[in-house]
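# Architecture at a glance
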Amino acid sequence: MADEALGYLIRQLETGWQLASYHLDGLTTEECLWRPAQVGLHVHRTADGTWRADWPEHEGYEIGPPSIAWVTWHFGFWWSMALDHSFGPAKLAREDMVWPGSAEAVREWLGGLQRQWRTALEPLTDDDLRSSQRTRWPFQDRPFGDIVAWANVELIKNAAELGYARFLHAVRTNKTL
């Protein structure tokens, strides 16, 4: 079967996106800005009105749990970087990435990135996946299929983080429990 590996990866992408969409549907800006603990990664509005995300110096547990806003920023960060560095000019940096400011804008942003990523992947062949020509971020000198597989794992991981945080928010704000 021609380009069999790409088919597996795209089906995995679709499964991950279904999970992410489930948790993004109905998400509110209030949920996004809620912090599950006093410490943890979050987004902050700057004087010019943009939202900037915290960046950890390490990934130890003591940094605390991220807010939903940060998790959704992280979705957009890595997907934007992967698109730009694999299919674009490779000029995008973390500092260029801002949080969109509302749950509705998050859904639009992430939905657009998912469509761009899928559209970019669809014409690839299994030879393209074996080649390292497009592999520039987050690692180099590896087959591009490794980037696609990594992106699928990131998508599923971030979807799970988003869902878990939404469960915590729902329990914490439900006064009848």
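Now for a quick tour of the structure. As the structure is a computational prediction, the values presented were derived from the model and not from experiment. Just so you know, the residues in each chain are numbered from 1, in the order the chain's sequence is written. Where totals are concerned, whole chains, interfaces and linings use all residues; where local detail is concerned, this predicted model gives features only for residues with pLDDT of at least 70, and gives and counts side-chain atom pairs only at 80 or more. The side-chain values count all of the structure's non-hydrogen atoms but skip hydrogen atoms and water molecules.

### Topic: the overall build of the protein
Secondary structure elements are defined from DSSP: runs of H or I of at least 4 residues count as helices, runs of E of at least 2 residues count as strands, and each element is numbered from the N terminus. Each helix and strand in the protein was counted, giving six helices and two strands. Reading the protein from its N end, one meets helices and strands in the order α-α-β-β-α-α-α-α. Within these notes, the globule rule equals 2.2 Å times the number of residues to the 0.38 power, and the radius of gyration is based on C-alpha atoms. Expected size for 177 residues packed as a compact globule is a radius of gyration near 16 Å; at 17 Å, the protein falls within 12% of this value. If one aligns the C-alpha atoms of the protein with their principal axes, the spans along those axes are about 55 × 35 × 30 Å. Taken across its 177 residues, the protein has 43% of its residues classed as buried. Whether two residues touch is decided by their heavy atoms; if any such pair falls within 4.5 Å, the residues are in contact. Put simply, 69% of the contacts in the protein that link residues at least 6 apart link residues at least 24 apart. Each accessible area is a Shrake-Rupley result for a 1.4 Å probe, and residues are judged covered by the shown protein chains and nothing else. A total of about 9600 Å² of accessible surface is found on the protein, and carbon and sulfur atoms cover 54% of it. Residues scored as charged are limited to Lys and Arg (positive) and Asp and Glu (negative), so that His and the chain ends carry no count. Note that the charge is assigned to NZ on lysines, CZ on arginines, CG on aspartates and CD on glutamates. Computed over 17 positive and 24 negative side-chain charges, the inter-centroid distance for the protein is 4 Å. Any residue under 20% of the maximum accessible area for its type is buried, any over 50% is exposed, and the rest in between are partly exposed; the area is computed with a 1.4 Å probe on protein chains only.

### Observations regarding the packing of helix H1 (residues 4-24) against helix H4 (residues 103-121)
Axes here refer to lines fitted to C-alpha atoms; in helices the fit is confined to the stretch in contact. Angles between the N-to-C directions go from 0 to 180 degrees. Taken N-terminus to C-terminus, the directions of H1 and H4 make an angle of 175°; their axes are 11 Å apart at the nearest point. Of the possible angle classes, the one that applies to H1 and H4 is roughly antiparallel. Note on element contacts: H4 touches H1 through Val 106, Arg 107, Leu 110, Gly 111, Gln 114, Trp 117, Arg 118 and Leu 121, opposite Leu 6, Ile 10, Leu 13, Glu 14, Trp 17 and Leu 24. When an angle is under 35 degrees it counts as roughly parallel; over 145 it counts as roughly antiparallel; between 65 and 115 it counts as roughly perpendicular; any other value is oblique.

### A look at the environment of Leu 124
By the element assignment, Leu 124 lies in the loop between H4 and helix H5 (126-130). Residues contacting Leu 124, with those up to four places away along its chain left out, are Asp 3, Leu 6, Phe 87, Leu 129, Arg 134 and Phe 144.

### Notes on the environment of Met 97
Residue placement: Met 97 occurs in the loop between helix H3 (68-87) and H4. Residue Met 97 is classed as buried on the basis of its relative accessible area of 7%. Linking Met 97 and Ser 86, residues 11 residues apart in sequence, is a C-alpha distance of 17 Å. Beyond its immediate sequence surroundings of up to four residues, Met 97 is in contact with Arg 52, Trp 73, Gly 76, Phe 77, Ser 80, Leu 92 and Trp 109.

### Here we look at the pattern of salt bridges
The rule for a salt bridge is simple: a side-chain nitrogen of Lys or Arg has to be within 4 Å of a carboxyl oxygen of Asp or Glu. Per the counting criterion, the structure on display carries nine salt bridges. Between Arg 94 and Glu 95 there is a salt bridge whose closest N-O contact spans 3.2 Å. The partly exposed category is assigned to Arg 94, whose relative accessible area is 28%. We note a salt bridge from Arg 142 to Asp 146, for which the minimum N-O separation is 3.2 Å. We classify Arg 142 as partly exposed; its relative accessible area is 36%. Connected through shared salt-bridge partners, Glu 14, Arg 118 and Glu 122 make up one network.

The quantities given are spatial measurements derived from coordinates; they are silent on function.
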